[in-house]
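Results of the structural survey
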Protein chains: 2
Amino acid sequence: MLTYPRFNFKITHRDPGSRARLGTLVTPHGTIETPNYIFCGTKAAIKGLSPAQMREARTDIVLSNTYHLMLQPGADLVERMGGLHKFMGWDGPLLTDSGGFQVFSMGHGQVANEVKGRNKSHENKSLLEISEEGAVFRAYTDNRKILLTPENSMEIQRKLGADLLMQFDECTPYHATYDYTARSMEMSIRWGDRCLAEFERHDNGAQGVYGIVQGGVHADLRAVSATYTADRPFFGTAIGGCLGGTDEEMRGVVEHSVPHIHPDRPVHFLGIGRIRDVFTFVRLGIDTFDCVIPTRLARHGTAFLKGAPGETINLKNACYRNDPDPLDPENLIPASAGFSKAYIHHLLKAGEILGPQILAQHNVATINRLMREIRTAIRAGTLADLEREWLGSGV
Amino acid sequence: MLTYPRFNFKITHRDPGSRARLGTLVTPHGTIETPNYIFCGTKAAIKGLSPAQMREARTDIVLSNTYHLMLQPGADLVERMGGLHKFMGWDGPLLTDSGGFQVFSMGHGQVANEVKGRNKSHENKSLLEISEEGAVFRAYTDNRKILLTPENSMEIQRKLGADLLMQFDECTPYHATYDYTARSMEMSIRWGDRCLAEFERHDNGAQGVYGIVQGGVHADLRAVSATYTADRPFFGTAIGGCLGGTDEEMRGVVEHSVPHIHPDRPVHFLGIGRIRDVFTFVRLGIDTFDCVIPTRLARHGTAFLKGAPGETINLKNACYRNDPDPLDPENLIPASAGFSKAYIHHLLKAGEILGPQILAQHNVATINRLMREIRTAIRAGTLADLEREWLGSGV
């Protein structure tokens, strides 16, 4: 039986008015307070920021994507280089996903669209076959055929050596039928058991594995899947798969799942992380979030800003051309304190990469501040006030 | 008469075997030791590095380009924002050029090619007219016609507010005739006087202006131009214009110029900065260098490395795929100390911008180390030994 002796999750405070909770999540690479936000370093790098800059922005935990790393540079190389922590220079807690999300995104069209209910053309079908054994896909790097199974997803994640791992699952699209989603969810359960068996065969206590709740937008399927994860010796629970086409459907998915998951394990929400989402889903019991948007928005000139209508401002906007004020002096990092909005506007207009770099660090620092303030507000019982401060008229 | 009371240049040591010398260059934003290297922040930003990262790489002085800044965001805006130091967040010594190099590069084809004697097609002829008054060109940003004169080059540089300024001059191409080069050099002399007159009208002691030696590859013209700069109250001397088609011609240009310039003023060599150039021209009496290559090479995956044949290694090379060693542990900055060559190779293969960012900081740090070691070696009389250490079999 898996016991995860070097891991721990302890709920330290519960909000009387919601499912929101404070916790401490202990890993071999350090302890983080929850709720918290896991920043995406897809290819073993946060886009535009060094680990030192991530620490400067007060980051606690990052993730990297198994799918990308298995193709380039390969798990064996990362293992020979001493594992992902050493390879990428991040000595804090680290998570890897299973590779499934990206494999299936290329079969079902863009899963990022599908998960969020957007019906886009299936432009990139590199997924060749899904069977009980696993999924066969073509590598985007060199076109070779690759079979990804529960067993080798675990093997790859073991070689990468992150603290927190994800079971291999099929990520079903929004437009899948009920029957397809049900059969897929049942297969993900069988895959979950194969992941646990493989994980246990090699377990040396250095890693903890999460089960993933699937079942699309269907309450009964989510309940079955969530109950399964609670019944098995996973260290944590992740909510994944199709999250619906609207904020309401996404909320429904979590509401259908959370009552059935293990109440004492950390709960991760896969791929969701706008500021309004964080407020909504912290209240529904989510402990950790991940999303690419802090750095992706930065590449488009967009900054998260406390109190801004719609969460963000776009520094390319001409109204910032003459604005001598810093972006957000309260962040207390060089990225915000030192530069005027006029300067960042100029960098974006001039196509200087330093513009997105500054905004990436600003966005990461802002989200980390959001999470610190949320933790303080949960303890103080002032989450609703804090939400109004952050989202302004957007609430 | 211009006296530059807040500026000073003092030669503290002379190499008995060459013209190499040590100096201290005092500006209102700090004092630097020479020989030194001025890093290019073309559009008010070093490509890929924040001022904090430049300081971390032990940078003393940077420059920015008047031509680019006058078009975007404009000198008036920079002035309203408190000047270039404040705008770009660099509080150390700062230099601007006159705008001439870029204006003429677009009329004569790529001056960067012409200056170095490469005969490329004149693909980009935005220069419309050169007359005694100045140069008319079309802005690449919005196609408007702009007249740049000695007077408004000085005005723009005054508004930008750098410490060290350059006179406006015509930068003649390699393939210009002797007669054209001679007439152009004489016009640059008249332009120099107009620059000094305009500069003196507004001088408040915060800036120092350099005269520029022109005259192509012709010894007699270089002598006339150099003698002119020595006769006028410039704070420093820059060697510019066509530098020839070979290393020998470039060396000749400096050898023809230096004996005639003012012996007590700082000497800047415009746009030249490979490691072998630094060794060659320090010996000929150059005090400061500038070149875009530290950050440009980084964008191509190339790292300066002490002792590497040809000065550099390219981290994209497959031989680094499995190399666990850091790029250069002696640089003692996070960019070099923390990351293996295998990791940087991976970042470049994966198209992660962090790769060029790491290499940019590495290259800047390496060049700054080169300059520190050169200063130490001049004092110790061991410049030849140091050159062998840096250039290995390339010497």
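Residues numbered from 1 in each chain as written. Chains lettered and ligands numbered in written order. Predicted model: local features only at pLDDT ≥ 70, side-chain atom pairs only at ≥ 80, totals over all residues.

Some words on the interface of chain B and chain A
Every contact between the two is made by 30 residues of chain B and, on the other side, 30 residues of chain A. Broken down by secondary-structure element, the contributors of at least two residues to the side of chain B that touches chain A are helix 3 (75–80), helix 4 (84–88) and helix 14 (341–349) of chain B. Per-element accounting of the side of chain B that touches chain A gives the leading share, five residues, to helix 14 of chain B. Residues belonging to the side of chain B that touches chain A are distributed by class as follows: 17 nonpolar, eight polar and five charged. (Contact = placed C-beta atoms within 7 Å. Helix = DSSP H or I, 4+ residues; strand = E, 2+ residues; numbered from the N terminus. Nonpolar A, V, L, I, M, F, W, Y, C, P; charged D, E, K, R; others polar.)

Considering helix 14 of chain B
The buried count for helix 14 of chain B comes to eight of nine residues, which makes it a mostly enclosed element. Within the sequence span of helix 14 of chain B, burial applies to Lys341(B), Ala342(B), Tyr343(B), Ile344(B), His345(B), His346(B), Leu347(B) and Leu348(B). Where helix 14 of chain B is buried, its residues contact helix 3 (75–80) and helix 4 (84–88) of chain A together with helix 15 (354–380) of chain B. (Buried ≥ 20, exposed ≤ 12 C-beta atoms within 10 Å, placed from the backbone.)

Quick word on the packing of helix 14 of chain B against helix 15 of chain B
Residues and elements named next belong to chain B. Their axes nearest at 7 Å, the elements helix 14 and helix 15 cross at an angle of 130°. Judged by the inter-axis angle, helix 14 sits oblique to helix 15. Residue-level contacts link Ile344, Leu347 and Leu348 of helix 14 to Leu354, Gly355, Ile358 and Leu359 of helix 15. Classifying every residue of the contact of helix 14 with helix 15 by side-chain character gives six nonpolar, one polar and no charged. (Axes fitted to C-alpha atoms, helices over the stretch in contact; angles between N-to-C directions. Parallel < 35°, antiparallel > 145°, perpendicular 65-115°, else oblique.)

Quick look at the pairing of strand 12 (residues 236–239) of chain B
All names here are of chain B. Side chains Gly236 and Ala238 project from strand 12 onto one buried face, and the interleaved Thr237 and Ile239 project onto a second face that is buried too. As paired elements, strand 11 (residues 208–213) and strand 12 share four bridges and run parallel to each other. Paired with Tyr210 across the bridge in strand 12 is Gly236. You can see the chain leave strand 11, run along helix 9 (residues 219–231) and come back into strand 12, and the turn it takes is right-handed. Read from strand 12 through helix 10 (residues 247–257) to strand 13 (residues 267–269), the crossover connection turns out right-handed. (Pairing = 2+ DSSP bridges. Right-handed = clockwise from strand over helix to strand, strands pointing away.)

Topic: the nonpolar core
Val62(A), Tyr210(A), Ile344(A), Val62(B), Tyr210(B) and Ile344(B) are the most contacted members of the largest nonpolar core, which has 218 residues in total. Setting aside residues no more than four positions away along its own chain, Val62(B) makes contact with Ile38(B), Phe39(B), Gly41(B), Ile46(B), Met54(B), Trp90(B) and Leu94(B). (Core = buried A, V, L, I, M, F, W, Y, C linked by C-beta atoms within 7 Å.)

Details of helix 15 (residues 354–380) of chain A
With 27 residues, helix 15 of chain A should reach 39 Å at 1.5 Å per residue; the first-to-last C-alpha distance of 38 Å fits that figure. Where helix 15 of chain A ends, the next residue or the one after it, Gly381(A), has phi of about 70°, a positive value. (Expected span 1.5 Å × (residues − 1).)

Considering the sheet that holds strand 1 (residues 8–14) of chain B
Residue and element names in this part refer to chain B. Taken in spatial order, the three strands make up an open sheet running 1-2-3, and their pairing is antiparallel. At either margin of the open sheet sits one strand with a lone partner, and together these are strand 1 and strand 3 (30–34). Going from strand to strand, the sheet's axes swing by 15° on average, the running direction of each strand aside. Looking at chain direction, strand 1 and strand 2 (residues 21–27) are connected through six bridges and run antiparallel. Opposite Lys10, over in strand 2, you have Thr24 as the bridge partner.

Here we look at the relation of the copies chain B and chain A
Placing chain B over chain A gives an RMSD of 0.0 Å and needs a rotation angle of 180°, together with 0.0 Å of translation along the axis. Here the copies are linked by what is in effect a two-fold axis. Comparing interface residues between copies, 100% of those in chain B also lie at the interface in chain A; the contact surface is shared. (Least-squares fit on C-alpha atoms with pLDDT ≥ 70 in both.)

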